[in-house]
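Observations on the model geometry
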Amino acid sequence: MDETLVTLVKEATTTEVFSVWFLIGAALVFWMQAGFAMVEAGFTRAKNTGNIIMKNLMDFCIGTVVFILIGFSLLMGEDLFGFIGKPGFDLFTSYDNFDFSSFVFNLVFCATTATIVSGAMAERTKFLSYCIYSAVISALIYPIEAHWIWGGGWLAGLGFHDFAGSTAIHMVGGISALVGAKILGPRIGKFTKDEKGKIVKVNAFPGHNIAIGALGVFILWFGWYGFNGAAATSLPQLGSIFLTTTIAPAVATVVCMIFTWIRYKKPDVSMCLNASLAGLVAITAPCDVTDAGGAIAIGAVSGLLVVFGVWFLDYVLRIDDPVGAVAVHCMNGIWGTIAVGLFATPSAPGYSIADANGNVMAGLFYGGGFKLLGIQLLGFASVATWTVITITIAFYIIKAVIGLRVSREEELTGLDSTEHGLPSAYAGFAMLPEYVEEGVEGETVVTGDVPADKAVEVTGVKPVAVTGDVPVAEAVEVKKMPTFSGDGHKYTKVEIICKEAKFESLKTAMMKLGITGMTVSHVLGCGVQKGKPEYYRGVQIEANLLPKIQVDIVVSAVPVRDVIETAKKVLYTGHIGDGKIFVYDVENVVKVRTGEEGYDALQDVE
């Protein structure tokens, strides 16, 4: 009797503990919204950061509203014909008996599906249109197909397995992103066309803050332990899920690093960040039914698949996906779905895959034959078909009624300003304007000054009087000097344009030459020159306006050739953007403080 009581207490305690863990897992999944926001913001341009943050906030908030009204009942309501849950309002009519935990858990998963779409359609989508299609995904598209898998629908009856959402969430979000990006069209300047309209070149738009993007990836990886592990029902199963959820993304990232290192001569940072997410997406469906060996294989394929996916969209499909959402979520969601049919092993703790007759099924590589693989392929095909049809209808209706895309001017200015009245998401930092030459649509964007013949005339500007701040009584006496007529010395100005990172080395080298005075300015510059090509996500980076340092030095006693050779030695890397050196004759030098001219005016700077 005592043993029975102890057993009951242990079971009750275990149930309570995992019920609490279930809600903690839901909170971790909610925290992933921050990760998605950071990844998307970091991988895109600064002028759209506020818009991206707003979208990632609102897809959860709007999703919550529609999930309350219709989404939850379609997902978890009483099964109707294996297709949908019975619509209802139990949240309001039977609150005392309502399954609160299930609602919260399914809500945060629903929000994840909608936010995936945002990245692929970033930087050119109307905010109102985004709000509408985000609501459609959360209210109808996701709940219905998720019911097939998790709500007692027809796929669940066949034995289809998607433990945490490679299919139901990531593939659906990725397919929606693919369709949306295709209908929306590429960002201005992404593809260069010839006079016949044929795309002849892919242009890179580097993300403005890779550090924020990396933070987002780490947040997502952390949240993924709740994403995959929240539904675990025993400690061994939870431990196994944590293990596979760690192995797959780690292996994917290492494989991606090695591949990009070989392919592009340097390990690609943003691609490796995408690879971590790709490994997480792929392991999401089989995380509870595979072992360490399976996780390694799944991760290795993911690391290559994400690179292929980014290349395939750019160079074959010609679809612009700023953050790699399609490669990460669509392609690896499909791969994770199929991987269940290949790597599912009954040796995994809590293994429960069985067909309609209760017969245990295993993956192809673990002696289970093709039965489970066939069911997984059927599940993939049916959910993909549902998603393509419904999201395409939704996008075309939105496009016809209010439009999907912002205007050309709004896109070039940035959505922070035009959609939200926000001058910049970074207070105190002005976003550079963009000017695009008229002509073939898709011409390369040139960031910087508008050509003089197309500039707006500035009128009514009065000169500003500049006065000194030091009182006359405290000022250094200005000596009256004779008009300069030449003192026999030659003066030369050396102007050096270089990368900001090289300035300290340049300054030190100049001081060793005996030059102690220089004028330093922050400037923006670009140029087309030969050198080692740089790549961003597999696309060669073209010249664009980049921050530079301009160093102006006037010399007389120090040989000009020594200054030039020293600067060349310090600044050279062989990469595009090493800089340039300009040499000018100087007629005279005047020191304002003392009135000295010529050679005497340079005595404290060289």
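Remember, predicted model here, so these are calculated numbers, not experimental data.

Time to look at unusual backbone geometry. Even without being a glycine, phenylalanine 81 presents a positive backbone phi close to 60°. Notably, glutamate 123 is not glycine yet its phi reads approximately 80°, a positive angle. Looking at the element boundaries, glutamate 123 is found in the loop between α4 (100-120) and α5 (127-150). A relative accessible area of 0% means that glutamate 123 is categorised as buried.

What follows deals with the environment of asparagine 332. For asparagine 332, the location among the structural elements is in helix α12 (residues 325-343). Each C-alpha atom of the pair asparagine 332 and isoleucine 298 lies 9.5 Å from the other, and the pair is 34 residues apart in sequence. The residues contacting asparagine 332, other than those within four sequence positions of it, are Ala278, Val281, Ala282, Ser302, Leu305, Val306 and Ala327. Polar side-chain contacts of asparagine 332 include one of 2.8 Å to the backbone oxygen of alanine 327.

With that settled, consider the pattern of salt bridges. Close approach of charged atoms allows side chains with opposite charge to pair. In this structure the tally under the stated criterion is 14 salt bridges. In this structure, lysine 499 and aspartate 578 form a salt bridge, with 3.9 Å as the shortest nitrogen-oxygen distance. Here aspartate 578 lies in the loop between α17 (560-571) and β12 (580-586) and lysine 499 lies in the loop between β7 (491-498) and α16 (503-513), a separation of 79 residues in the sequence. Using a relative accessible area of 27% as the deciding quantity, one classes lysine 499 as partly exposed. The residue arginine 561 makes a salt bridge to glutamate 565 at a minimum N-O spacing of 2.9 Å. Of the two residues, arginine 561 and glutamate 565 both sit in helix α17, four residues apart, roughly one turn of that helix.

Its 31 residues give helix α13 (residues 371-401) an end-to-end C-alpha distance of 45 Å, which sits within 8% of 45 Å, the value for a rise of 1.5 Å per residue. Phi turns positive one or two residues past the end of α13, at glycine 403, with a value near 90°.

Scoring rules and cut-offs
- Residues numbered from 1 in each chain as written.
- Predicted model: local features only at pLDDT ≥ 70, side-chain atom pairs only at ≥ 80, totals over all residues.
- Heavy atoms only, no water.
- Helix = DSSP H or I, 4+ residues; strand = E, 2+ residues; numbered from the N terminus.
- Buried < 20%, exposed > 50% of the residue type's maximum accessible area, 1.4 Å probe, protein only.
- Contact = heavy atoms within 4.5 Å.
- Polar contact = N/O pair within 3.5 Å; in protein donor to acceptor, adjacent residues only side chain to side chain.
- Salt bridge = Lys/Arg side-chain N within 4 Å of Asp/Glu carboxyl O.
- Expected span 1.5 Å × (residues − 1).

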